[in-house]
Amino acid sequence: MSDASVVPFRIGQGWDTHRIESGRPLVLGGITIPSEFGLVGHSDADVLFHAVTDALLGALALGDIGMHFPDTAPEWKEANSRQFLEHVLMLAHECNYVVVNVDSTIVLERPKLMDYRLSIRRSLASVLHLGLDFVSVKFKTAERVGPVGEGKSCEAHAVILLSTP
């Protein structure tokens, strides 16, 4: 990114989805949630970290998570998605941007996640080097509509604001 393209603020939006499968760990925002099922993916399939990573990449106009961490690359097999977010955060800093805040939503029918809100927020805040007041994590169901509502998948959405330091 050239200096001419540095503007005071940039906003990015990210979305991710993964299939549900029994016997896999359910990792959301770096936190393992007790569940009889988890998400299927090349990495740990952490939809929240993936959505936030995509939001960061979008704000920087640097493509998407698949361009940087392809699911065909053996080095990303079973990878902790925190690595993806940390790498893209480093790219943001190299482009002279810091994260101002993030607003995110996890869409999942079950299990209920409200008891994990604080730990997920703390985990995300830690990776992004933000205070807790700048990290929002919401939980929704799909009201039994579509693949998420039928218990076949999980989604996450994220919006992130960047500013120059």
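Coordinates for the structure precede this section.
Here's a quick rundown of the structure. (Residues numbered from 1 in each chain as written. Predicted model: local features only at pLDDT ≥ 70, side-chain atom pairs only at ≥ 80, totals over all residues. Heavy atoms only, no water.)

Now for the overall build of the protein. Counting secondary structure elements, the protein contains 5 helices and 7 strands. In sequence order, the protein lays out its α and β elements as β-β-β-β-α-α-α-β-α-β-α-β. A compact globule built from 165 residues should have a C-alpha radius of gyration of about 15 Å, and the protein, at 15 Å, falls within 12% of that. With respect to the principal axes defined by its C-alpha atoms, the protein has extents near 50 × 35 × 25 Å. For the protein, the residues scored as buried account for 47% of the 165 residues in total. Long-range contacts, defined as pairs at least 24 residues apart, comprise 73% of the intrachain contacts of the protein with a sequence gap of at least 6. (Helix = DSSP H or I, 4+ residues; strand = E, 2+ residues; numbered from the N terminus. Rg over C-alpha atoms; globule rule 2.2 N^0.38 Å. Buried < 20%, exposed > 50% of the residue type's maximum accessible area, 1.4 Å probe, protein only. Contact = heavy atoms within 4.5 Å.)

Moving on, we come to the side chain of Asp 46. Along the chain, the position of Asp 46 falls in the loop between strand E4 (37-39) and helix H1 (47-60). The buried charged residue Asp 46 lacks any salt bridge, with Arg 82 as its nearest oppositely charged partner at 9.1 Å. At a separation of 3.1 Å, a polar atom in the side chain of Asp 46 contacts the main-chain amide nitrogen of Phe 49. Not counting chain neighbours up to four residues away, the residues in contact with Asp 46 comprise Val 27, Leu 28, Gly 29, Gly 30 and Ser 81. (Lys, Arg positive; Asp, Glu negative; His and termini not counted. Salt bridge = Lys/Arg side-chain N within 4 Å of Asp/Glu carboxyl O. Polar contact = N/O pair within 3.5 Å; in protein donor to acceptor, adjacent residues only side chain to side chain.)

On inspection of all chains with the given rule, the structure shows 4 salt bridges. The salt bridge involving Lys 152 is made with Glu 150; its shortest N-O contact spans 3.1 Å.

Attention now goes to the pairing of strand E5 (residues 98-107). Relative to strand E7 (residues 153-163), E5 runs antiparallel, the two sharing 9 bridges. Within E7, the position partnered with Asn 101 by the bridge is Leu 161. Of the strand pairs in this sheet, E5 and strand E6 (residues 135-140) are connected by 6 bridges, and their pairing is parallel. Within E6, the residue paired with Ile 106 across the bridge is Phe 139. You can see the chain leave E5, run along helix H4 (residues 117-128) and come back into E6, and the turn it takes is right-handed. (Pairing = 2+ DSSP bridges. Right-handed = clockwise from strand over helix to strand, strands pointing away.)

Glancing now at the nonpolar core. Within the largest apolar cluster, 48 residues are counted, with the highest numbers of intra-cluster contacts made by Leu 28, Val 52, Leu 56, Ile 106, Leu 108, Leu 124 and Leu 128. Of all the elements in the fold, those that place two or more residues in this core are strand E2 (26-28), E4, H1, helix H3 (82-94), E5, H4, E6 and E7. No other element matches H1, which puts 10 residues into this core. If near-sequence neighbours (up to four positions away) are discounted, Leu 128 is found in contact with Val 52, Leu 56, Leu 85, Leu 89, Val 99 and Val 102. (Core = buried A, V, L, I, M, F, W, Y, C linked by side-chain atoms within 4.5 Å.)

The subject of this paragraph is the packing of aromatic side chains. Applying the stated criterion across every chain, the model contains 1 aromatic pair. Measuring from centroid to centroid gives 4.4 Å for Phe 69 and Phe 84, while their planes differ by 25 degrees, and the two rings are stacked. Of the two residues, Phe 69 sits in the loop between helix H2 (65-68) and H3 while Phe 84 sits in helix H3, which places them 15 residues apart along the sequence. Both residues of the pair, Phe 69 and Phe 84, belong to the buried class. (Phe/Tyr/Trp six-rings, centres within 6.5 Å; stacked < 30°, edge-to-face > 60°.)

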